[in-house]
Protein chains: 6
Amino acid sequence: RQRFFDEAAERIDRPGIATGMAWTSVGGEIMFIEAATMPGKEERLILTGQLGDVMKESAIAALSYVRSNSTALGLPKNVFEGQNVHIHVPAGAIPKDGPSAGVTMVTVLVSLASGRKVRSDLAMTGEITLRGKVMPIGGVKEKVLAAYRSGIRSVILPAKNEAEFMEDIPNELREQMHFTFVSDIRQVLDIALVPEGEHDEKIAANGDGRHRKRKGEKAVAKA
Amino acid sequence: RQRFFDEAAERIDRPGIATGMAWTSVGGEIMFIEAATMPGKEERLILTGQLGDVMKESAIAALSYVRSNSTALGLPKNVFEGQNVHIHVPAGAIPKDGPSAGVTMVTVLVSLASGRKVRSDLAMTGEITLRGKVMPIGGVKEKVLAAYRSGIRSVILPAKNEAEFMEDIPNELREQMHFTFVSDIRQVLDIALVPEGEHDEKIAANGDGRHRKRKGEKAVAKA
Amino acid sequence: RQRFFDEAAERIDRPGIATGMAWTSVGGEIMFIEAATMPGKEERLILTGQLGDVMKESAIAALSYVRSNSTALGLPKNVFEGQNVHIHVPAGAIPKDGPSAGVTMVTVLVSLASGRKVRSDLAMTGEITLRGKVMPIGGVKEKVLAAYRSGIRSVILPAKNEAEFMEDIPNELREQMHFTFVSDIRQVLDIALVPEGEHDEKIAANGDGRHRKRKGEKAVAKA
Amino acid sequence: RQRFFDEAAERIDRPGIATGMAWTSVGGEIMFIEAATMPGKEERLILTGQLGDVMKESAIAALSYVRSNSTALGLPKNVFEGQNVHIHVPAGAIPKDGPSAGVTMVTVLVSLASGRKVRSDLAMTGEITLRGKVMPIGGVKEKVLAAYRSGIRSVILPAKNEAEFMEDIPNELREQMHFTFVSDIRQVLDIALVPEGEHDEKIAANGDGRHRKRKGEKAVAKA
Amino acid sequence: RQRFFDEAAERIDRPGIATGMAWTSVGGEIMFIEAATMPGKEERLILTGQLGDVMKESAIAALSYVRSNSTALGLPKNVFEGQNVHIHVPAGAIPKDGPSAGVTMVTVLVSLASGRKVRSDLAMTGEITLRGKVMPIGGVKEKVLAAYRSGIRSVILPAKNEAEFMEDIPNELREQMHFTFVSDIRQVLDIALVPEGEHDEKIAANGDGRHRKRKGEKAVAKA
Amino acid sequence: RQRFFDEAAERIDRPGIATGMAWTSVGGEIMFIEAATMPGKEERLILTGQLGDVMKESAIAALSYVRSNSTALGLPKNVFEGQNVHIHVPAGAIPKDGPSAGVTMVTVLVSLASGRKVRSDLAMTGEITLRGKVMPIGGVKEKVLAAYRSGIRSVILPAKNEAEFMEDIPNELREQMHFTFVSDIRQVLDIALVPEGEHDEKIAANGDGRHRKRKGEKAVAKA
Ligand SMILES: [Ca+2]
Ligand SMILES: [Ca+2]
Ligand SMILES: [Ca+2]
Ligand SMILES: [Ca+2]
Ligand SMILES: [Ca+2]
Ligand SMILES: [Ca+2]
Ligand SMILES: [Ca+2]
Ligand SMILES: [Ca+2]
Ligand SMILES: [Ca+2]
Ligand SMILES: [Ca+2]
Ligand SMILES: [Ca+2]
Ligand SMILES: [Ca+2]
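Residues numbered from 1 in each chain as written. Chains lettered and ligands numbered in written order. Predicted model: local features only at pLDDT ≥ 70, side-chain atom pairs only at ≥ 80, totals over all residues. Heavy atoms only, no water.

Asker: Sorry, what's going on with the overall build of chain A here?
Answerer: The secondary structure content of chain A amounts to seven helices and 10 strands. Across the 223 residues in chain A, those meeting the buried criterion constitute 61%. In chain A, once contacts between residues fewer than 6 apart in sequence are set aside, the share between residues at least 24 apart is 76%. Accessible area of chain A: about 8100 Å², with a carbon and sulfur share of 50%. (Helix = DSSP H or I, 4+ residues; strand = E, 2+ residues; numbered from the N terminus. Buried < 20%, exposed > 50% of the residue type's maximum accessible area, 1.4 Å probe, protein only. Contact = heavy atoms within 4.5 Å. Areas by Shrake-Rupley, 256 points an atom, 1.4 Å probe, with all protein chains shown as cover.)

Here's what the structure looks like:
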């Protein structure tokens, strides 16, 4: 369990990286999603990590969301202008697909553009629309279990998956983990981005699911 | 029934999004169609949402219609100049195809360019030509039923589908819903775009099909 | 019969649209061919309508003919400079192919560039070369019959199809319709383009094949 | 026999068109090859006529030969600068392939750039290298017979096909036609291009193979 | 054994080349990886050597890592600006794939940009992330054996492969070779790049695994 | 035998063409490799002659070698700037592949850029790396025999093929031909390029293998 936190803390050590949950050939998996920029007149979006068509389109939509809502997000109006944006999802040889990395992709892009790190103690999943709405995803149970096995205790899920969640996720997991259900990417950003100049808090969720609330979080009702 | 209105009202909360009806692998479906712009020297049209060839061409034609008729539409002459235009159709993992989202695509583009929101209480379907004519589409019955099941009570259909409509749509549906038949995209825009500065009226169609008439609407003759 | 004239008159209501005859999966068909321009630094030719390889090349050749002969055609030397040109052939979901829409494509491009409308009461077919010669096409009989069924009574055909025409087209059709055989696109333009400032004459061919002659027309010898 | 001369004389009526011999799905065929230019910042080479890979590369090599040897050919140093060059081979629906249209492609490009027409009474065939050498081609007999059947009596062939020619072409054909064997494209241009300001001579080869000699021509030794 | 050193010393004679370990159709192999730059407005990344999709993405990520971390790496801020970067992996006819050449690709790019040669006496393997973390790779044993057979005695491996290494690599190999385990590309660069102005030391690892330690190296614990 | 010398002397009559040895569908073959340049803002590398993937990459690497080592090669620093470079390998309809034309491609590019012709009496083969090393190639025997049959008596081979050469090439061939083994492209250029202003010497190798030595040549030890 400590393993993941060590790795996440080590890897999520600067803006532009976060822990997402998506599909690989072996089912729901947690994965780091990385973004970087470099000067580029063509302003290309470079996508690597053996991403399938749907996941690539997710990344394209994530970038468009950030660029077309830059000022509302507190970013420069022409964010990423004159830049190539590269989104990479290790491990590079494992095919990945599906739309559920969308919210994580928006998060790493805003993190990179704002210089604010992402909290290293949580994982997130959710399809993103061009307007920033968080859409339900498949495989909630598999993804939550993958997160649990990796030692993650804080997870952001789409509000539209809450009903399915209530049916599928066993009580003991709900007690040991902390879940936030969101319908808009703004809620994700409020929770996930460490305030500028502030250190990543690295608060491990404790066994009883209690957790310092942040603005926009909604505690999971225990069934 | 109320479910859709809640979602539509929540999602169609700014210019550049509307409710369309098109084909997915499971038949006629209602779907949100979103557009966004961002600075882009190449003026690319970015299309995401697992759109098939025909639906992509629909989007290309929709953008050409708007760009080549900009002044007649009350838009700036060089509308979308220096901009990338992104049209996205959630859900991102579901393949969609066919030409019937054409009118919705024109509508969201004009909405985005004019800053006028689209009415959130109606759905529309119809192929678009490069001159703005609304062409008949397939699966009228399936699309109308999908709209009905989603709680939608106002639907814009191609005038050329009216005869088929009279045969295929049961009386009880015609009584509970309100239908407008159009032959030109201008009629759609007159009905669907909320006047600038005006709030979306969110008028639910009532059970008897009566509805405040707007310019260009034509009531369905009851058989 | 009147149906088509109503539709043609309604749709061919401005420069850049004409009635062509080409191939779809169900044989020779009449179809509207539309062109529009919009600002575009790359000067792209955008082709939509599920056009096959041969039909796409036809459009490419049609545009090259117009651009490389612009002054001879009375158009600005750098016609379409700084413009994207879009040619669309509804209906958008029906695959179409073959070279026989070439003359119609040249006609809509010259119509668009000159601001002269195309006569709405005639259909035309013929392959185009880069030098503007009109080449014979296949399926003369099927195309003529499709035009007849649509109510069209004036048809432009390649001169090189005249012999085949004499064999294949029954006398009663030849008596009811009016045919012009051409070998150069200039002849087509002389016949098809309404003089600037003049209204489309919408002269329905009468049953006995008599018709006001225009320069360049050659009456069909009755066998 | 007169048919072709009529058509060739009619079609080869300005610079940028010539009669070539290449392969289609039905064997060696004579075909017109057309070139046109139009303004184009990207200086694209546009190729239409359902050309196969090898024939497309032939056209690419032909253009490179002309552009890299422009001054030696008496053309402006930056010939075709700022121009799109379009090479089209009617009929547009018939697949064509093979390298043997190379010399004709160089000829039409030089014709177009120099404003000198190509003689309409001859056909030519031969692969071209980047240095202007004329390489042997396949199907000499089939191509010569196709030319003969079309009424052509003057043919330019690669010198490297002369031995094969002597074996394969029957005496009566050799007596009725006039053949020139060339090893360098300069020889082709000397023969095929009508001097500036001079009218196309349209000299039909007479039955005994005698013909006004031009510089660079080599009479075929009768076996 | 001496063979490789001769060749490596001969070939790794200037900045921009290093010895990597990756996959070919016959398993783990050592291979030289070369980089070169040349002026190029489009700033293309040119990849040759029959590289598979995953290996190409590795190279793309390697370049993005270097460009987005240029100043931290002591390189000019706009490193490779206005340059095409070419990465080639001989032999050119052998298909290669997998992510394990990532660290070598970063190393040759930094070597090229800094003008510092890579030590010719070591081979390295490891997947690279966009943040410079070194990820575990497959086929550790096969790659180490391939290096051994080539006469290489110094190898850099991912720290995350250390456990597997301890199980799979026989004692006699561990005694005869020197291994460094790294988790960040910075450690690789510290070890592999010869200080500016300094000659490549070409120190052959001796049989007992002892070796002059450099900063950042970690001796392998003998089991 | 004289045949090839006549053709080679005739064709290798200016800079930018040389005799290479590579693979076609019928085995090892000698072939002319041609290069030409023309103005081109995009600085494209145009490759024709039905080249396979590996041979295309060879050409890409050859151009990168020349461009990234231009000053060391005595060429202008920005050689080929603002130029399209075209490499063509006749005959245009025969598929060719493999990396063994690499050294010839570098040679024709340097020949073209320097204005120095290539010796017309020799053929060469060898894979090229991005650093100019000459790598071994397959089919030495087949290629040497093809050269012999064409009348060529001077051949440049990779030094790494020397051992295989000693086993495979019969004594009588070694006595009648002259072989040079090279490990770096600089050796090839020293031998193959005719000094500026000097005429191609066209020295036929004599039957006993004696030959005027040039700098960098190494006589083949007779077994
Ligand atoms: Ca797909
Ligand atoms: Ca929480
Ligand atoms: Ca399709
Ligand atoms: Ca209504
Ligand atoms: Ca085709
Ligand atoms: Ca008429
Ligand atoms: Ca091919
Ligand atoms: Ca002659
Ligand atoms: Ca793949
Ligand atoms: Ca060490
Ligand atoms: Ca391949
Ligand atoms: Ca020698």
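Asker: Even after reading the chapter, I still don't get the environment of Leu73(B), so can you show me in this structure?
Answerer: Note on placement: Leu73(B) falls in the loop between helix 2 (53–68) and strand 4 (83–88). Leu73(B) has contacts with Tyr65(B), Val66(B), Val110(B), Arg186(B) and Leu189(B), leaving out every residue within four places of it along the chain.

Asker: What's the story with the relation of the copies chain A and chain B in this structure? I'm lost.
Answerer: In this arrangement, two copies of a chain are superimposed by a rotation about an axis accompanied by a shift along the axis. For the pair chain A and chain B, the superposition axis carries a translation of 0.0 Å, the fit reaches an RMSD of 0.0 Å, and the rotation angle comes to 60°. The transformation just described matches what one would write down for a six-fold rotation axis. Relative to the rotation axis, the C-alpha of Glu42(A) is the closest in chain A, positioned 8.3 Å from it. Comparing contact sets, just 9% of the residues at the interface of chain A also lie at the interface in chain B, consistent with a heterologous contact between different surfaces. (Least-squares fit on C-alpha atoms with pLDDT ≥ 70 in both.)

Asker: Would you mind showing me how to read the packing of aromatic side chains here?
Answerer: The description of two aromatic rings rests on the distance between their centres and on the angle between their planes. One pass over the structure, following the stated rule, counts 12 aromatic pairs over all chains. Aromatic pair Phe165(F) and Phe179(F): ring centres 4.6 Å apart, planes at 65°, arrangement edge-to-face. Of this pair, Phe165(F) sits in helix 5 (residues 162–168) while Phe179(F) is found in strand 10 (residues 178–182), placing the two residues 14 residues apart along the sequence. By way of ring pairs, the aromatic residues Phe165(A), Phe179(A) and Phe181(A) are connected into one cluster. (Phe/Tyr/Trp six-rings, centres within 6.5 Å; stacked < 30°, edge-to-face > 60°.)

Asker: Sorry if this is basic, but what is going on with the coordination of the calcium ion (ligand 5) here?
Answerer: Note on metal sites: the ideal angle is 109.5 degrees for four tetrahedral donors, and 90 or 180 degrees for six octahedral donors. Bound to the calcium ion (ligand 5) are the protein donor atoms Asp53(C) (OD) and Gln50(D) (OE1), situated 2.5 to 3.1 Å from the metal. Within this pair, whereas Asp53(C) is found in helix 2 (residues 53–68), its partner Gln50(D) is found in the loop between strand 3 (45–48) and helix 2 (53–68), the two belonging to separate chains. By relative accessible area, which is 52% here, Asp53(C) ends up exposed. (Donors = N, O, S within 2.8 Å, 3.2 Å for Na, K, Ca; no water.)

Asker: How should the relation of the copies chain B and chain C be read in this particular structure?
Answerer: Overlay of chain B on chain C (RMSD 0.0 Å): rotation 60°, translation along the axis 0.0 Å. An overlap of only 9% is found between the interface residues of chain B and their copies at the interface of chain C, pointing to separate contact surfaces.

Asker: Please clarify how the pairing of strand 1 (residues 17–24) of chain B should be interpreted in this entry.
Answerer: Residue and element names in this part refer to chain B. For strand 1, the buried fraction is high: seven of the eight residues fall into the buried class. Pairing between strand 1 and strand 6 (residues 122–124): two bridges, direction parallel. Counted as the bridge partner of Thr19 is Ala123 from strand 6. When strand 1 meets strand 5 (residues 96–97), the two strands line up antiparallel, connected through two bridges. Of the residues in strand 5, the one forming a bridge with Thr24 is Lys96. (Pairing = 2+ DSSP bridges.)

Asker: How should the packing of helix 3 (residues 102–114) of chain E against helix 7 (residues 185–192) of chain E be read in this particular structure?
Answerer: Helices that pack against each other are described as a pair by the angle of their axes relative to one another and the distance between those axes. Residue and element names in this part refer to chain E. Two elements in contact, helix 3 and helix 7, have axes whose closest approach is 10 Å; the angle formed by their N-to-C orientations is 55°. The angle between helix 3 and helix 7 falls in the class oblique. For helix 3 against helix 7, the interelement crossing comes out right-handed. Contacts between helix 3 and helix 7 involve Val103, Val106, Thr107 and Val110 from the former and Ile185, Val188, Leu189 and Ala192 from the latter. When the residues that make up the contact of helix 3 with helix 7 are grouped by side-chain class, the tally is seven nonpolar, one polar and no charged. (Axes fitted to C-alpha atoms, helices over the stretch in contact; angles between N-to-C directions. Parallel < 35°, antiparallel > 145°, perpendicular 65-115°, else oblique. Left-handed = near helix turned anticlockwise from the far one by under 90°. Nonpolar A, V, L, I, M, F, W, Y, C, P; charged D, E, K, R; others polar.)

Asker: Can you help me understand the interface of chain B and chain C in this one?
Answerer: One frequent convention defines the size of an interface as the accessible area lost when the parts assemble. The interface is formed by 23 residues belonging to chain B together with 30 residues belonging to chain C. For the chain B and chain C pair, buried surface summed over both sides reaches about 2100 Å², with 49% attributable to carbon and sulfur atoms. For the chain B face of the interface with chain C, the top three residues by lost area are Glu57(B), Leu130(B) and Arg131(B), together amounting to 31%. Taken together, the links from chain B to chain C amount to two salt bridges. For the pair chain B and chain C, the number of links is 11 residue pairs in polar contact (both at pLDDT 80 or more). Among the elements of the structure, helix 2 and strand 7 (127–128) of chain B are those that each provide at least two residues to the side of chain B that touches chain C. Here the element with the most residues in the side of chain B that touches chain C is helix 2 of chain B; it accounts for eight residues. Along the lines of polarity and charge, the residues of the side of chain B that touches chain C split into seven nonpolar, six polar and 10 charged. (Buried area = accessible area lost by both parts, 1.4 Å probe. Salt bridge = Lys/Arg side-chain N within 4 Å of Asp/Glu carboxyl O. Polar contact = N/O pair within 3.5 Å; in protein donor to acceptor, adjacent residues only side chain to side chain.)

Asker: Just checking my understanding: could you explain helix 2 of chain B for this structure?
Answerer: Because an α-helix packs 3.6 residues into every turn, residues spaced three or four apart end up facing the same way. Between its first and last C-alpha, helix 2 of chain B extends 22 Å over 16 residues, near the 22 Å set by a 1.5 Å rise per residue. In terms of burial, helix 2 of chain B is a largely internal element, 12 of the 16 residues being buried. (Expected span 1.5 Å × (residues − 1).)

Asker: Is there a simple way to explain the interface of chain A and chain B in this structure?
Answerer: Listed as interface residues are 23 residues of chain A and, on the opposing side, 30 residues of chain B. A combined buried area of about 2100 Å² lies between chain A and chain B, and 49% of that area is made up of carbon and sulfur atoms. For the chain A face of the interface with chain B, the top three residues by lost area are Glu57(A), Leu130(A) and Arg131(A), together amounting to 32%. Linking chain A with chain B are two salt bridges.

Asker: How do you make sense of the side chain of Ser114(F) when you look at a structure like this?
Answerer: Note on placement: Ser114(F) falls in helix 3 (residues 102–114). A distance of 2.7 Å separates a polar side-chain atom of Ser114(F) from the backbone oxygen of Val110(F).

Asker: I would appreciate a short explanation of the pattern of salt bridges in the present structure.
Answerer: Oppositely charged side chains are able to pair whenever their charged atoms sit close together. Considering all chains together, one arrives at 48 salt bridges over all chains under this definition. Between Glu34(F) and Arg11(F) there is a salt bridge, with the nearest N and O atoms lying 3.7 Å from each other. With a gap of 23 residues between them, Glu34(F) in strand 2 (residues 27–39) and Arg11(F) in helix 1 (residues 2–11) connect regions that are remote in the sequence. Residue Glu34(F) is classed as buried on the basis of its relative accessible area, which comes to 0%. On the basis of relative accessible area, Arg11(F) is assigned to the buried category, the value being 2%. The structure contains a network of salt bridges with shared partners spanning Glu10(A), Asp13(A), Arg14(A), Lys133(E) and Asp184(E).

Asker: Teacher, can you tell me more about unusual backbone geometry here?
Answerer: Leaving glycine aside, a negative phi is the common case for residues, and trans is the common case for peptide bonds. Of note, the amide linkage connecting Pro90(A) to Ala91(A) takes the cis form, showing an omega dihedral of 0°. Checked against the element boundaries, Ala91(A) lands in the loop between strand 4 (83–88) and strand 5 (96–97). Residues other than glycine seldom take positive phi values, yet Gln50(E) does so here, at roughly 55°. For Phe80(E), which is not glycine, the phi torsion reads 70° and is therefore positive. For Phe80(E), the position within the fold is in the loop between helix 2 (53–68) and strand 4 (83–88). According to the relative accessible area criterion, Phe80(E) is buried, its value standing at 10%.

Asker: Can you walk me through the packing of helix 2 of chain C against helix 3 (residues 102–114) of chain C in this structure?
Answerer: Residue and element names in this part refer to chain C. One way to put it is that helix 2 packs onto helix 3 with a least axis distance of 9 Å and a crossing angle of 45°. Classified by the interaxial angle, the pair formed by helix 2 and helix 3 is oblique. As for how helix 2 packs across helix 3, the hand of that crossing is right-handed. Contact residues: helix 2 offers Met55, Ser58, Ala59, Ala62, Leu63, Tyr65 and Val66, while helix 3 offers Gly102, Met105, Val106, Leu109 and Val110. Here the residues of the contact of helix 2 with helix 3 are counted per class, giving 10 nonpolar, two polar and no charged.

Asker: Looking at this structure, how should I read a positive patch on the surface?
Answerer: A surface patch of like charges, here positive, comprises Lys41(A), Lys41(B), Lys41(C), Lys41(D), Lys41(E) and Lys41(F). Along the chain, Lys41(F) turns up in the loop between strand 2 and strand 3 (45–48). (Patch = residues over 30% accessible without salt bridge, like charges linked within 9 Å, V, L, I, M, F, W, Y side chains within 5 Å. Lys, Arg positive; Asp, Glu negative; His and termini not counted. Charge placed at Lys NZ, Arg CZ, Asp CG, Glu CD.)

Asker: Teacher, can you tell me more about the environment of Ala91(F) here?
Answerer: The partly exposed category is assigned to Ala91(F), whose relative accessible area is 25%. A sequence separation of 43 residues divides Ala91(F) from Thr48(F), and the C-alpha atoms of the two residues are 9.8 Å apart. Each residue touching Ala91(F), except ones within four places of it in the same chain, is listed here: Glu127(D), Gly49(F) and Lys96(F).

Asker: What is the right way to read the confidence of the model for chain A from this model?
Answerer: Predicted coordinates in regions of low pLDDT should not be interpreted in detail. Residue and element names in this part refer to chain A. Here chain A shows a mean pLDDT of 87. Residues at 70 or above account for 86%. This model gives residues 200–223 a pLDDT under 50, and the stretch forms 53 contacts once residues within four places in sequence are excluded. Taken over the whole predicted complex, pTM reads 0.88, whereas the ipTM for its chain interfaces reads 0.87. (pLDDT = per-residue confidence, 0-100.)

Asker: How should the environment of Gly132(E) be read in this particular structure?
Answerer: Residues and elements named next belong to chain E. The residue Gly132 is located in the loop between strand 7 (127–128) and strand 8 (134–135) in this model. Measuring from C-alpha to C-alpha, the distance between Gly132 and Pro170 comes to 30 Å, with 38 residues separating the pair along the chain. Beyond its immediate sequence surroundings of up to four residues, Gly132 is in contact with Tyr65, Ser183, Asp184 and Ile185.

Asker: Help me understand the pairing of strand 9 (residues 154–158) of chain C in this model?
Answerer: Side chains on a regular strand alternate between the two faces of the sheet. Residue and element names in this part refer to chain C. Most of strand 9 is tucked away, with five of its five residues classed as buried. Here strand 9 shows no split at all, with Ser154, Ile156 and Pro158 on one side and Val155 and Leu157 on the other all buried. When strand 6 (residues 122–124) meets strand 9, the two strands line up parallel, connected through three bridges. Bridging across to strand 9, Leu122 finds its partner in Ser154.

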